[in-house]
Amino acid sequence: MANSKYEYVKTFEQSTTLLPDTYMTVRIDGRGFHKLSAKYKFEKPNDRHALELMNAAATAMMKELPDIDCAYGESDEFSFIFDRSSRLFERRESKILTTVVSTFTSYYIHLWSDFFADKPLSPPMPTFDGRVVLYPSSSTLRDYMSWRQVDCHINNLYNTTFWALVQNGGMDATQAEERLKGTMASEKNEILFCEFKMNYNNEADMFKKGSIIYRDCDTSSSDSQEAHAPAVFNSEQSEMSKTAKKKERRRRAQASITIEHTDIIRNEFWDQRPWLLSGPS
Ligand code: DGT
Ligand code: MG
Ligand code: MG
Ligand code: MG
Ligand code: MG
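Every residue gets a number counted from 1 within its own chain, in the order that chain's sequence is written. Chain A is the first chain written and ligand 1 is the first ligand written, with later ones labelled in order. Reporting of local features is limited, given that this is a predicted model, to residues whose pLDDT is at least 70; pairs of side-chain atoms are given and counted only at 80 or more, and all residues count toward the totals for whole chains, interfaces and linings. Based on all heavy atoms of the structure, the side-chain values leave hydrogens and waters out of the count.

Asker: What exactly am I supposed to notice about the pattern of salt bridges here?
Answerer: Where charged atoms of side chains with opposite charge meet at close range, the side chains can pair. Here, a salt bridge means any side-chain nitrogen of Lys or Arg that lies within 4 Å of a carboxyl oxygen of Asp or Glu. Taken as a whole and assessed by the stated rule, the structure comprises 15 salt bridges. One salt bridge connects R252 with D69, and the closest N-O pair in it is separated by 2.9 Å. Of the two residues, R252 sits in helix α9 (residues 235-254) while D69 sits in strand β2 (residues 68-74), which places them 183 residues apart along the sequence. Both residues of the pair, R252 and D69, belong to the buried class. Here R179 makes a salt bridge to E195, at a shortest N to O gap of 2.8 Å. Of the two residues, R179 sits in helix α5 (residues 173-180) while E195 sits in helix α6 (residues 185-196), which places them 16 residues apart along the sequence. Judged by its relative accessible area of 33%, R179 falls in the partly exposed class. Every helix listed is a DSSP run of H or I at least four residues long, and every strand listed is a run of E at least two residues long, numbered separately from the N terminus. Only protein chains enter the accessibility calculation, which uses a 1.4 Å probe; a residue whose area is less than 20% of its type maximum is buried, one above 50% is exposed, and one in between is partly exposed.

Below, the structure written as structure tokens:
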């Protein structure tokens, strides 16, 4: 109903447009997964099926939103990194955030039975919260990714040692906590090795390093350079980049999606995949 007397209410709407030429990063995190992991008896400290379900939901999301270049996941969280030049939803924050959160949640629930066939879901259902952060350069983005991987490492080493003390060392939670208070990484490694004959290095990479999922498309060829043009350009360039953008979109949609459990703090990973980071360092 166009131009009805009620239409003025639209003027109350507010929206935030995310700055152009920045890395839009959406981090989702499971709500109350401490409780959820107890309800469904997730293995401690790591439940392979729970982590693989997170990875499957993230992969499905990347298939649905080709503007996402890569994603990093650990525990009950996932960070999705959009291509710097993405103009998805005119970069409207609420549209991007709500789409990512609801798409992830839908797939998590849809795929649940593939990983937990013997544990049907019942309310309260798994839900996720989310936030958007903009990173202005590839170095701040890399610091963000490193921050999440360091978080994964610190928590996993702590949790692995904690549960070894509880499950195999006969301690209760309070005693284990007390034992670990103020210990350095090397001391935790030593506890694992000397008391439980566990070499932390031999733990699964998915537990130690988390999961990096990326679109395996080399967009560094001359064609796609145009699609990486700055967000501000004149109309002639805009015409030119339309074809390039179409090609880019097709290339992205067709590219395979790869998942690895590897170091993303050192340069190597990024140096070998230069298409993941475009724009100023
Ligand atoms: P939140 O995010 O503030 O709503 O609260 P939580 O409870 O989700 O807390 P958070 O996100 O800081 O921590 C994640 C929780 O999920 C933590 O209690 C451990 C649990 N969790 C995540 N992955 C696993 C797993 O593989 N195995 C087990 N046993 N627990 C897990
Ligand atoms: Mg959580
Ligand atoms: Mg969390
Ligand atoms: Mg890119
Ligand atoms: Mg609608």
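Asker: Whenever I open this one, the sheet that holds strand β6 (residues 257-260) confuses me. Can you help?
Answerer: Two modes of strand pairing occur in sheets, parallel and antiparallel, and in both the strands are linked by backbone hydrogen bonds. Two strands are said to pair when DSSP picks up at least two bridges between them. Within the open sheet, the six strands sit side by side as β4-β1-β3-β2-β5-β6. Their pairing is antiparallel. On the outer flanks of this sheet lie β4 (128-135) and β6, each paired with one strand and no other. Strand-to-strand twist in this sheet, taken as the mean axis angle between neighbours without regard to direction, amounts to 15°. Summarising the sheet, β2 and strand β5 (residues 211-215) pair through four bridges and their orientation is antiparallel. Note that in β5 the partner of Y72 across the bridge is I212. The strands touched by helix α4 (residues 138-167) within the sheet are β1 (23-30), β2, β3 (77-82), β4 and β5, with β2 carrying the most contacts at an inclination of about 25°. Every axis corresponds to a line fitted to the C-alpha atoms, with the helix fit spanning only the stretch in contact, and the corresponding angles, defined between N-to-C directions, vary from 0 to 180 degrees. By definition, residues are in contact when any of their heavy atoms lie within 4.5 Å.

Asker: What exactly am I supposed to notice about the coordination of the magnesium ion (ligand 2) here?
Answerer: When four donors bind a metal tetrahedrally, each ideal donor-metal-donor angle is 109.5 degrees, and when six bind octahedrally, the ideal angles are 90 or 180 degrees. For Na, K and Ca the donor cut-off is 3.2 Å, while for other metals it is 2.8 Å, and in both cases only N, O and S atoms qualify; water is not among them, so sites may look incomplete. Every protein donor of the magnesium ion (ligand 2) is accounted for by D29 (OD), G30 (O) and D76 (OD), and the metal-donor separations fall at 2.1 Å. Expressed as a motif, the donor residue spacing for the magnesium ion (ligand 2) is D-G-x45-D. A distance of 3.5 Å spans the gap from the magnesium ion (ligand 2) to the magnesium ion (ligand 3), which D29 bridges by coordinating each metal. Taken together, the positions of G30 in strand β1 and D76 in the loop between β2 and β3 put the pair 46 residues apart, joining distant regions of the chain. Take G30: its relative accessible area is 6%, and that puts it in the buried class.

Asker: Would you mind going over the nonpolar core with me for this structure?
Answerer: Here, the term nonpolar core denotes a set of buried Ala, Val, Leu, Ile, Met, Phe, Trp, Tyr and Cys residues that are joined through side-chain atoms within 4.5 Å. If you look at the biggest cluster of nonpolar residues, it comprises 34 residues, and the most contacted ones within it are I28, F78, F80, F82, F104 and Y108. At the level of elements, β1, α1 (33-39), α2 (48-64), β2, β3, α3 (93-115) and β4 are the ones that each hand at least two residues to this core. With near-sequence residues (within four places) excluded, F82 lies in contact with Y23, M24, V26, L65, D67, I68, D69, L88, I96 and V100. Y72, Y135, I212 and I264 belong to the second-largest nonpolar core, a separate cluster that totals 18 residues.

Asker: It is not clear to me how the site of ligand 1 should be interpreted in this structure. Could you clarify?
Answerer: If even one non-hydrogen atom of a residue comes within 4 Å of a molecule or strand, that residue is called near it. Every one of the 15 residues lining ligand 1 counts as a neighbour, but D29, G32, F33, H34 and D47 are closest to it. Whenever two N or O atoms come within 3.5 Å, that pair is a polar contact, provided that in protein one can donate a hydrogen and the other can accept it, and provided that, for residues adjacent in sequence, both atoms are side-chain atoms. In this structure, a nitrogen atom belonging to ligand 1 sits 3.0 Å away from a main-chain N or O atom of E43. Here P45 contributes a backbone N or O atom positioned 3.3 Å from a nitrogen atom of ligand 1. In short, Shrake-Rupley with a 1.4 Å probe defines the accessible areas, and a residue's cover is counted only from the protein chains shown. Within the complex, the protein chains bury 65% of what would otherwise be the 630 Å² of accessible surface of ligand 1. Put simply, the grid is 1 Å and covers the protein atoms alone, a cavity is a trapped set of points that fit a 1.4 Å probe, a pocket is an open set with protein on both sides within 12 Å along at least five of seven lines, and lining residues have an atom within 4 Å of a point. Molecule-in-pocket calls rest on the fraction of atoms, with more than half required to lie within 2 Å of the cavity or pocket grid points. Among the detected pockets, ligand 1 sits in the largest pocket. Residue assignment for the shell around ligand 1 shows that the elements contributing at least two residues are β1 and α1. Each residue belonging to the shell around ligand 1 can be placed in one class, and the counts come to three nonpolar, six polar and six charged. Here the nonpolar group is Ala, Val, Leu, Ile, Met, Phe, Trp, Tyr, Cys and Pro; Asp, Glu, Lys and Arg are the charged ones; every other residue, Gly included, is treated as polar.

Asker: What is the right way to read the packing of α4 against α6 from this model?
Answerer: Packed helices, taken two at a time, are described by the angle between their axes plus the distance between the axes. It is the contact of α4 with α6, at a shortest axis distance of 10 Å, that shows an interaxial angle of 35°. Judged by the sense of rotation from one axis to the other, the crossing of α4 with α6 is left-handed. In this structure, α4 contributes L157, Y158, T160, T161, A164 and L165 to the contact, and α6 contributes A185, K188, N189, I191, L192, E195 and F196. Its residues assigned to classes, the contact of α4 with α6 shows eight nonpolar, three polar and two charged. Here a crossing is called left-handed whenever its near helix is offset anticlockwise from the far helix by less than a right angle, and right-handed whenever the offset is clockwise.

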